[in-house]
Amino acid sequence: MASSERGIAVVTGASTGIGRATALDLAANGFEVFAGVRRKADGEALEEDAPENLTPLIIDVTKPATIARAKTAIARKAGSDGVSALVNNAGIAIAGPLEFLPLDDFRRQIEVNLTGHLAITQALLPQLRKAQGRIVNITSIGGLVSTPFNGPYHAAKWGLEALTDALRVELQPWGIDVIAIEPGSVATEIWDRGLDRAKEMREAMPPAAEDLYESAFAAAFELTEKTRDAGIPPEKAAKVIRKALTSPRPKTRYLVGRDARGAVAAKRVLSDRAWDRMITRMAKVPKRDSALG
């Protein structure tokens, strides 16, 4: 049976970044936490900084066998009390011009950042129903506005926004709130991993890609590095997630960070064409006349 003050919380993608900060924050504030990691070493590293009420679990949201084993372990601990919170956070970032993006990379992005969240949600819904628990989906400002060369990431995050809205209505008969957390830039390892992967993809692309997008590639890398360096600490996002899980009347979505709020405000007042012009300047996408030669 669950014995913690606030019940059981499950956090995916807890090896680093927002997931790690959230798992530690929830454990420090009364939850019995199951922290999903993909490697045993990541779990051991997390345990070094965690209180006794945090248990790492191997959860790869793209591998049904790991989800099934985690479901069994969580149900055994939860008993009749069920699960109070599920934080769907696991994610990767794949970037590149859509014209040349390998479709397997696009599929991988959707599988991790969208399909995998539904898979773990389906597995844990019987336990969430017992506790009238809450589901928090870590979407992104990238699920509300799109920028060039991040199309795969945006597609997954926009999809997760839609999934969140649909689940919120479908699950309301059982008192299960479904909430979107929409961070802007957060200082996590996903930026460095994404940059490394983007550079590998650039090297593997045909010469035509370099000819067409050379200036934009350099600008995209520079902009990503600046965004990464300006990111808020993941602990700030973790506090918002805890608020969403514990507030008596939670909002349906929480924007996190000044840049997220600014981007949404700009998108509301600008026309699509005006937004495109602004993003074109920022990303140094070739203008139409210069691209036509």
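Heads up: these notes are all about the structure in this document. Every value quoted in this text rests on a predicted model; they were computed, and no experiment measured them.

Attention now goes to the side chain of E161. Looking at the secondary structure, you find E161 in helix α5 (residues 151-170). The class for E161 is buried, based on a relative accessible area of 6%. If near-sequence neighbours (up to four positions away) are discounted, E161 is found in contact with T139, S140, G143, L144, A180, E182 and R253.

A few words on the packing of aromatic side chains. Scanning all chains against the criterion turns up 2 aromatic pairs. Taken together, a centroid distance of 6.2 Å and an interplanar angle of 85 degrees make the contact between F100 and Y213 edge-to-face. In this pair, F100 sits in the loop between β4 (85-88) and α4 (103-131) while Y213 sits in helix α7 (residues 207-229), placing the two residues 113 residues apart along the sequence. Comparing F100 with Y213 shows no difference in burial state: the two are buried. Arranged with centres 5.7 Å apart and planes meeting at 85 degrees, the rings of F149 and Y213 form a pair that is edge-to-face.

What follows is about the sheet that holds strand β6 (residues 177-183). Two orientations exist for strands paired in a sheet by backbone hydrogen bonds: parallel and antiparallel. In space, the 7 strands of this open sheet follow the order β3-β2-β1-β4-β5-β6-β7, with parallel pairing throughout. The open sheet has two edge strands with one neighbour each: β3 (54-58) and β7 (253-256). Neighbour-to-neighbour, the strand axes of this sheet turn through a mean angle of 20 degrees, independent of strand direction. One ladder, built from 3 bridges, connects strand β1 (residues 8-11) with β4; its direction is parallel. Residue pairing in the sheet places V10 in a bridge with L86 of β4.

This part takes up the pattern of salt bridges. Taken as a whole and assessed by the stated rule, the structure comprises 10 salt bridges. Of the charged contacts in the structure, one is a salt bridge between R253 and D165, with a shortest N-O distance of 3.2 Å. Here D165 lies in helix α5 and R253 lies in strand β7, a separation of 88 residues in the sequence. Among the residues examined, R253 registers a relative accessible area of 29% and is labelled partly exposed. Among the residues examined, D165 registers a relative accessible area of 29% and is labelled partly exposed. Look at the salt bridges and you will find they share partners, linking E161, D165, R168, E182 and R253 into a network.

What counts as what
- Residues numbered from 1 in each chain as written.
- Predicted model: local features only at pLDDT ≥ 70, side-chain atom pairs only at ≥ 80, totals over all residues.
- Heavy atoms only, no water.
- Helix = DSSP H or I, 4+ residues; strand = E, 2+ residues; numbered from the N terminus.
- Buried < 20%, exposed > 50% of the residue type's maximum accessible area, 1.4 Å probe, protein only.
- Contact = heavy atoms within 4.5 Å.
- Phe/Tyr/Trp six-rings, centres within 6.5 Å; stacked < 30°, edge-to-face > 60°.
- Pairing = 2+ DSSP bridges.
- Axes fitted to C-alpha atoms, helices over the stretch in contact; angles between N-to-C directions.
- Salt bridge = Lys/Arg side-chain N within 4 Å of Asp/Glu carboxyl O.

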